[in-house]
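Per-entry structural report
For reference, the chains in residue letters:
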Amino acid sequence: MVHKVAVIGAGPCGLTSVKACLDEGMEPTCFESSDDMGGLWKFKEVSEPNRASIYRSLTINVWKEMMCYSDYPIPADYPNYMHHSKILNYFRMYADHFKLLQYIRFQTKVKSVKQRPDFSRTGQWDVVTETRDGYEENHIFDAIICCTGHFNYPNLPLKDFPGIETFEGKYSHSWDYKGPEDMHGKRVVVIGIGNSGGDIAVEGSRVAEQMYLSTRSGAWVIRQVSDNGLPVDRFNTRFVHIMFRLLPMRFLNWLGEKKLNSMYDHAMYGLKPKHRLFSQIPVINDDLPFRILSGSVIVKPNIKEIRGSTVVFDDGSTAENVDLIVFATGYNYDFPYLPKNAIYKSGHRIGLYKHVFPPILEQPTLAIVGFIHSDGAIMPQAEMQARFVTRLNIKYILTPLQVDFVEHMDDLAKDIGVQPNLLWLFLTDFPLFKKVLWGPVTAYQYRLMGPGKWEGARKAIFTQYDRMYQPLKTRQLNAQQSSTTGFLIKLSLTFMAGGAAIYYIHRNPTTISTLVSKLRPQSV
């Protein structure tokens, strides 16, 4: 029986892991090497070695209703896409509400985690920690939950850029970037078109003499502000997820790319990638197309070589008199405090069952929470992983970091026993069924039933759009009457959704009796 649990890191993953332990009657101790909670979202003017780092202007690219924890909605008056300072405030409120601070030991670094001699029988671990004053302490824990993320070790592939040693200007990694102050009047090249590269290129282009954005393979760029001015995340619904299972991927790619190109032609803007839209996670950036259109950002191919202050690209074109190069080239990952044989790694893949447990251990008492790259926010996924960790155990699979938000959430929720039963909702609570199927897959859905059920989950689902509109009500206008046509369209789509839900839950029913026999009454 696991009682004492060490949680390493007090970021968004560590906080929800502490809460999950408490919910299951365990005794967590969270070790945080810095002086505050928040992890990645705790902004500091100077980046600290081996810690995640963000820039001053960073605003999250996930809608607040899709990023909050399942039993603690973000305040209604908070903006739909929040600045990092608001996110940190939310974490503070979450920690205060569930009384988590008393379980966190700040300024305490975990130096080593090792299996005890009787590990094969007990599954216990020896943990050595060190305080800011250099005091070492030895601990014994029944289980370990690692929540240190994968944005701590910048990947700076200088060997891939011939002539970098001749560069006459300065170069740095996006990990060091805090703001565009050093770009005033400069000629800058940003390498990499991920979310960080796009943000830095856009922000820097407002003050730089010229900004170049070099990309090896291009990217599909989507906007946060979608049709009718609503957050693009609202399209991440169960109904859409069902369509992805039913329709050919070639058709879906064509449809999605057509939609994106109707806003701006990716080929004309130099952005069109080699891959199809849904084969990789897209870049989210509302401002980049206009900066390209205005000439403030010039998109270029991969760099061939560097000659002094001249950057030569693969197509033979050059950028002259370059003052600064920013490598937005991602991160490496490591768990320096763990035994080398604790986790099997192969390139960017890691041996984890359900993206959580290293199955090569004799006892399943080590878990990695939040070590994924997804099309959704890490907070609800880390919460689901933590709930999974504190309830269940293990087998083997080698997994990439990238996961699909809905599939990953549902996969864990099914094992925990908290996946929404759409067919049961259809029969017992049709208004809620429509919200769960047709609305965004917010984390509240996984608190409707089963272990950890939250009585406020239904209300949170019904009011999630109220919280979206609340921060926008800064100028009151007369409400418009909805049209009869709109009502009929919604009614038709509802019937379609009902049919899709039945297919989704029971894809291969043999008979009606078999279908009915599988129903299990659950309170909602």
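Residues numbered from 1 in each chain as written. Predicted model: local features only at pLDDT ≥ 70, side-chain atom pairs only at ≥ 80, totals over all residues. Heavy atoms only, no water.

As recorded in an unreviewed UniProt entry, the chain goes by the name Flavin-containing monooxygenase, listed as coming from Pundamilia nyererei. What UniProt states about the chain under its Cofactor (unreviewed entry) heading is, verbatim, "FAD". The UniProt entry for the chain carries the following text under Subcellular location (unreviewed entry): "Endoplasmic reticulum membrane". (UniProt positions renumbered as here; feature names shortened; annotations may be inferred.)

1. Details of the side chain of Arg467
Positionally, Arg467 belongs in helix 14 (residues 464–469). There is a polar contact of 3.3 Å between the side chain of Arg467 and the side chain of Tyr444. Once residues within four sequence positions are removed from consideration, Arg467 is found in contact with Lys64, Glu65, Pro73, Ile74, Ala76, Asn80, Tyr444 and Ala460. (Helix = DSSP H or I, 4+ residues; strand = E, 2+ residues; numbered from the N terminus. Polar contact = N/O pair within 3.5 Å; in protein donor to acceptor, adjacent residues only side chain to side chain. Contact = heavy atoms within 4.5 Å.)

2. Observations regarding the nonpolar core
Core analysis: the largest hydrophobic core is formed by 97 residues, its most contacted members being Met67, Phe91, Val190, Leu271 and Met379. Top element by residues in this core is helix 10 (residues 405–416). It accounts for six residues. Formed jointly, this core draws a minimum of three residues from each of two domains, domain 1 (4–151 + 333–420) and domain 2 (156–330). Those residues in contact with Met379 that sit more than four places away from it in its chain are Pro12, Trp41, Ile60, Met67, Tyr69, Ile87 and Phe91. Ala6, Ile8, Trp125 and Leu361 belong to the second largest nonpolar core, which has 23 residues in total. (Core = buried A, V, L, I, M, F, W, Y, C linked by side-chain atoms within 4.5 Å. Buried < 20%, exposed > 50% of the residue type's maximum accessible area, 1.4 Å probe, protein only. Domains from an automatic or database assignment.)

3. Quick look at the sheet that holds strand 11 (residues 210–214)
Spatial strand order, 9-18-10-11-14: five strands in an open sheet with parallel pairing. The sheet terminates laterally at strand 9 (170–173) and strand 14 (297–300), the two strands that pair on one side only. When the angles between neighbouring strand axes are averaged without regard to direction, this sheet yields 20 degrees. Bridge count for strand 10 (residues 187–191) against strand 18 (residues 324–327) is four bridges, and the pairing is parallel. What sits directly across from Val190, in strand 18, is Val326. Relative to strand 11, helix 5 (residues 195–205) is tilted by about 170 degrees, and along the sheet it contacts strand 10, strand 11, strand 14 and strand 18. (Pairing = 2+ DSSP bridges. Axes fitted to C-alpha atoms, helices over the stretch in contact; angles between N-to-C directions.)

4. Here we look at a nonpolar patch on the surface
A cluster of nonpolar side chains, Leu246, Leu247, Phe251, Trp254 and Leu255, forms an exposed patch at the surface whose accessible area comes to about 450 Å². In terms of residues, the nonpolar patch owes the most to one element, helix 7 (residues 249–263), which gives three residues. Along the chain, the position of Trp254 falls in helix 7. The exposure class assigned to Trp254 is partly exposed, which follows from its relative accessible area of 46%. (Patch = residues over 30% accessible without salt bridge, like charges linked within 9 Å, V, L, I, M, F, W, Y side chains within 5 Å. Areas by Shrake-Rupley, 256 points an atom, 1.4 Å probe, with all protein chains shown as cover. Salt bridge = Lys/Arg side-chain N within 4 Å of Asp/Glu carboxyl O.)

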